[in-house]
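Listed below, chain by chain, are the residues.
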Amino acid sequence: MTIVVRPASVFEDVRTLVGPKSPEANVCWCLSYRIPSKLNNELRGPARGEYVAGLCRTAPAPGVLAYDGDEAVGWAAVAPRSDTSFARSRTIPHVDDLPVWSLWCIRVRPGHRRRGISHALIAGAVEFARAHGAPAIEAYPIDNGEAKVDTTMAYAGIRKNFERAGFTHAADTTSVLAGHPRVLMRLDLR
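Here's what I pulled together on the structure shown here.

Here we look at empty space enclosed by the protein
Here is step 1 of the chain: A full pass over the atoms with the stated rule returns one cavity of 30 Å³ or more.
Here is step 2 of the chain: Forming the walls of the largest cavity are Trp29, Cys30, Leu31, Arg34, Val52, Leu55, Pro62 and Trp75.
Here is step 3 of the chain: Tallied by class, residues from the lining of the largest cavity come to seven nonpolar, no polar and one charged.

So, in structure tokens, the structure goes:
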């Protein structure tokens, strides 16, 4: 298995990873941290997918996709922090005024987990941010120690995977996800 990570510019592949089974569903589409809360609440059903389709046509793409051959098997959301709700968060602190990028969602398709795809996605998101001039990249993973994390709530990633990718603990947060604290991890790209 050779995993290749590319910008998420093919909407059908993004839909495979983050879209609902039913077009009428109001699932996240990985928009909840990307757009203002008011807009997130207004976008319903198919309008959510249409919004994401528009993001896929812009530069930079809304994230990266991992492929096993021609099959999209993983997704990571990455963008300038200033373009996300993390820019205004009361629970995720700002370490400094550096115009960092945020990596906040990692999703691997069922049937493809435990094959190193999340590691490839983190590395691919780092390279994507670096290629777009990011001086640093942040993530806000769960600090679960050795405790098991529900797959649905593991979208933020887990601390040890970011440590393996060279990120270091930059700050504690007051954010909690699935009963576990989240930490701010950072990787300097300069």
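Some words on the packing of aromatic side chains
Aromatic ring pairs are described here by two measures, namely the spacing of the ring centres and the angle between the planes.
Here is step 1 of the chain: Enumeration according to the criterion identifies six aromatic pairs in this entry.
Here is step 2 of the chain: On the basis of an interplanar angle of 80° and a centroid distance of 5.1 Å, the ring pair of Phe162 and Phe167 is categorised as edge-to-face. Across this residue pair, the class does not change: Phe162 and Phe167 are buried.
Here is step 3 of the chain: Site record: aromatic cluster; members linked through ring pairs are Tyr33, Phe86, Trp104 and Tyr140.
Here is step 4 of the chain: Geometry around Tyr67 places Arg6 over its ring, the cationic atom sitting 3.9 Å from the centre.

Topic: the state of the cysteines
Here is step 1 of the chain: This structure, assessed with the given rule, holds zero disulfides.
Here is step 2 of the chain: Distance from the sulfur of Cys30, which forms no disulfide, to the nearest cysteine sulfur (Cys105) is 3.6 Å.
Here is step 3 of the chain: A relative accessible area of 6% places Cys30 in the buried class.

Side note on the sheet that holds strand β4 (residues 101-108)
Here is step 1 of the chain: Here we have seven strands laid out as an open sheet, ordered β1-β2-β3-β4-β5-β7-β6, and mixed in their pairing. Edge positions in the open sheet fall to β1 (3-7) and β6 (168-177), since each of these has one partner strand only. Across the sheet, the axes of successive neighbouring strands diverge by a mean angle of 25°, strand direction being ignored.
Here is step 2 of the chain: Where β4 lies against strand β5 (residues 136-139), three bridges are found, and the strand directions are parallel. Each residue of the ladder has a partner; that of Trp101, found in β5, is Ile137.

Some words on the pattern of salt bridges
Here is step 1 of the chain: Following the criterion strictly, the structure yields 10 salt bridges and no others.
Here is step 2 of the chain: The partner of Arg15 in a salt bridge is Glu12, and the shortest N-O contact between them spans 2.5 Å. Of this pair, Arg15 and Glu12 both sit in helix α1 (residues 11-18), three residues apart, which is roughly one turn of that helix.
Here is step 3 of the chain: Between Asp188 and Arg190 there is a salt bridge; the shortest N-O distance is 2.5 Å.
Here is step 4 of the chain: Given the relative accessible area of 40%, Asp188 is considered partly exposed.
Here is step 5 of the chain: Assessed through its relative accessible area of 69%, Arg190 is described here as exposed.
Here is step 6 of the chain: Where salt bridges share partners, they join Arg81, Asp96, Glu138 and Arg186 into one cluster.

The rules behind these values
Sequence order sets the numbering: in each chain, residues are counted from 1 along the sequence as written. Given that the model is predicted, a residue must reach a pLDDT of at least 70 before its local features are reported, and side-chain atom pairs must reach 80 or more before they are shown or counted; all residues, however, enter totals for whole chains, interfaces and linings. The basis for the side-chain values is all heavy atoms of the structure; hydrogens and waters are excluded. The rule is simple: put a 1 Å grid over the protein atoms alone, call a set of points where a 1.4 Å probe fits but cannot get out a cavity, call an open set with protein on both sides within 12 Å along at least five of seven lines a pocket, and count a residue as lining if it has an atom within 4 Å of a point. Grid points are joined across faces, edges and corners, and a volume is the space filled by probe spheres set on the points. Each residue is assigned to one of three groups, with Ala, Val, Leu, Ile, Met, Phe, Trp, Tyr, Cys and Pro labelled nonpolar, Asp, Glu, Lys and Arg labelled charged, and all others, Gly among them, labelled polar. Each Phe, Tyr or Trp ring (for Trp, its six-membered ring) is paired with any other whose centre lies within 6.5 Å, and the angle between the two planes then decides the class: stacked below 30 degrees, edge-to-face above 60, tilted in between. Exposure categories follow from relative accessible area, calculated using a 1.4 Å probe and restricted to protein chains: below 20% of the type maximum is buried, above 50% is exposed, and the middle band is partly exposed. In this scheme, the term charge over a ring applies when either NZ of a lysine or CZ of an arginine sits within 6 Å of the ring centre and within 35 degrees of the ring normal. Any pair of cysteine sulfurs within 2.5 Å is marked as a disulfide. Here the rule is simple: two strands pair whenever DSSP picks up at least two bridges between them. Secondary structure elements are defined from DSSP: runs of H or I of at least 4 residues count as helices, runs of E of at least 2 residues count as strands, and each element is numbered from the N terminus. Convention adopted: a line fitted to C-alpha atoms gives each axis, helices being fitted over their contacting stretch, and angles between N-to-C directions are expressed from 0 to 180 degrees. A pair is scored as a salt bridge if a Lys or Arg side-chain nitrogen falls within 4 Å of a carboxyl oxygen belonging to Asp or Glu.

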